[in-house]
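Chain residues, written in single-letter form:
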Amino acid sequence: MTKVLVVDDDFMVAKLHSRYVSATEGFTVVGVAHSGAEALRAAERLRPDLVLLDVYLPDMDGIRVLRELRAAEAGDPDRVSADALFITAARDAAVVRSALRAGALHYLIKPFNQAALQEQLRHVASLRSRLDRLDEARQEDVDQIFGTRPPGSRELPKGLAPHTAELVERILRDHPGDLSASECAEAGSLSRVSARRYLEYFAETGRAEVTLRYGGTGRPERRYRRVG
């Protein structure tokens, strides 16, 4: 379970965000704070994996909270660093830039619905899982984690065509839930073999996750879901 500390000066908003988090599989709320100082004390005591952090707090802004949290983590070699996700009404580009430079994973602007927050939580879980599995990162892994390489700049393996890759990636993005190679082939008017080659390529490069669906007999079916 990913342990979450919710930080917001509004008691009702903090309660709502906590409910959203608790409704997300794999996440649990370990604490709630309503000021910067309270957030830092809670982080020290609870050691959360993720902090949902507002910018507007009564004693200090959320950017300063994150910087002080990072300083405290740097001073304790046994302390695991917490990820931070800003959830705030602050729209100033300078604030967004400061949040990024302070080490935030993402920035979600209020108001938003439950689905938007849960999507970000799943993205955080995906990043953490991918990093935990890596001993040595390839460039593809780094690009996927940081999202720094422009679309279309990836070199496809020999035999894969850019326009077909874009088609399959669009099918993955638009399909609700996961899908099989056969379902992808039908949606894109492709052969099943071709669809599977592209889906496997996306899985190898971290842009798709693979799960196995077991039936009564025979080999399990490979199911693909877009990552990010």
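Relevant structure appears above.
Conventions adopted
- Residues numbered from 1 in each chain as written.
- Predicted model: local features only at pLDDT ≥ 70, side-chain atom pairs only at ≥ 80, totals over all residues.
- Heavy atoms only, no water.
- Helix = DSSP H or I, 4+ residues; strand = E, 2+ residues; numbered from the N terminus.
- Buried < 20%, exposed > 50% of the residue type's maximum accessible area, 1.4 Å probe, protein only.
- Contact = heavy atoms within 4.5 Å.
- Areas by Shrake-Rupley, 256 points an atom, 1.4 Å probe, with all protein chains shown as cover.
- Lys, Arg positive; Asp, Glu negative; His and termini not counted.
- Charge placed at Lys NZ, Arg CZ, Asp CG, Glu CD.
- Pairing = 2+ DSSP bridges.
- Right-handed = clockwise from strand over helix to strand, strands pointing away.
- Phe/Tyr/Trp six-rings, centres within 6.5 Å; stacked < 30°, edge-to-face > 60°.
- Salt bridge = Lys/Arg side-chain N within 4 Å of Asp/Glu carboxyl O.

Kindly report on the overall build of the protein, identifying the contributing residues and their values.
Helix and strand counts for the protein stand at 9 helices and 7 strands. Taking the principal axes of the C-alpha coordinates as reference, the protein spans close to 60 × 40 × 35 Å. Looking at the protein as a whole, 41% of its 228 residues are labelled buried. Partitioning the contacts of the protein with sequence separation of at least 6, the portion at a separation of at least 24 is 58%. A total of about 12,900 Å² of accessible surface is found on the protein, and carbon and sulfur atoms cover 50% of it. Positive and negative charge centroids in the protein, built from 34 and 34 side chains respectively, lie 3 Å apart.

Tell me what's going on with unusual backbone geometry, and back it up with residues and numbers.
Peptide bonds are trans in most cases, and residues, glycine excluded, mostly fall at negative phi. Residues Lys-110 and Pro-111 are joined by a peptide bond in cis, for which omega reads -5°. Mapping Pro-111 onto the fold places it in the loop between strand 5 (106-109) and helix 5 (114-133). Although it is not a glycine, Arg-47 adopts a positive phi angle of roughly 50°. Relative to the helices and strands, Arg-47 is located in the loop between helix 2 (36-46) and strand 3 (50-53). For Arg-47, a relative accessible area of 31% translates into the label partly exposed. For Ser-189, which is not glycine, the phi torsion reads 55° and is therefore positive. Given a relative accessible area of 68%, Ser-189 falls into the exposed group.

Tell me about the pairing of strand 4 (residues 83-88), and name the residues and values.
Regular strands show a simple pattern: their side chains alternate between the two faces of the sheet. Judged by how many residues are buried, strand 4 sits mostly within the fold: 6 of 6 residues are covered. Neither face of strand 4 is exposed, since Asp-83, Leu-85 and Ile-87 on one face and Ala-84, Phe-86 and Thr-88 on the opposite face are all buried. Across 4 bridges, strand 3 lies against strand 4 in parallel orientation. Within strand 4, the position partnered with Val-51 by the bridge is Ala-84. Taking the sense of rotation as the criterion, the β-α-β connection linking strand 3, helix 3 (residues 62-74) and strand 4 turns out right-handed.

Quick rundown of the packing of aromatic side chains? Include the residues and the values.
Under the counting rule described, the total for this entry stands at 2 aromatic pairs. Each ring, one from Tyr-201 and one from Phe-202, has its centre 5.7 Å from the other, and the planes form 50°; the classification is tilted. In terms of burial, Tyr-201 and Phe-202 fall into one category: buried.

Hey, could you go over the pairing of strand 5 for me, with residue numbers and the actual values?
Here 4 bridges tie strand 4 to strand 5, and the two strands are oriented parallel to one another. Residue pairing for strand 5: Phe-86 is matched across the bridge by Tyr-107. Once the chain exits strand 4 it traverses helix 4 (residues 93-102) before rejoining the sheet at strand 5, and the crossover so formed is right-handed.

If you had to explain the pattern of salt bridges to someone new, which residues and values would you point to?
Per the counting criterion, the structure on display carries 14 salt bridges. Across the pair Arg-223 and Glu-183 runs a salt bridge whose closest N-O atoms are separated by 3.2 Å. Taken as a pair, Arg-223 in strand 7 (residues 221-226) and Glu-183 in helix 8 (residues 181-188) lie far apart in primary sequence, 40 residues in all. By relative accessible area, which is 32% here, Glu-183 ends up partly exposed. Among the ionic pairs, Arg-196 bridges to Glu-200, the shortest N-O distance being 4.0 Å. Of this pair, Arg-196 and Glu-200 both sit in helix 9 (residues 192-204), separated by 4 residues, roughly a single helical turn.

Fair warning: the whole summary comes from geometry, so function is off the table for now.
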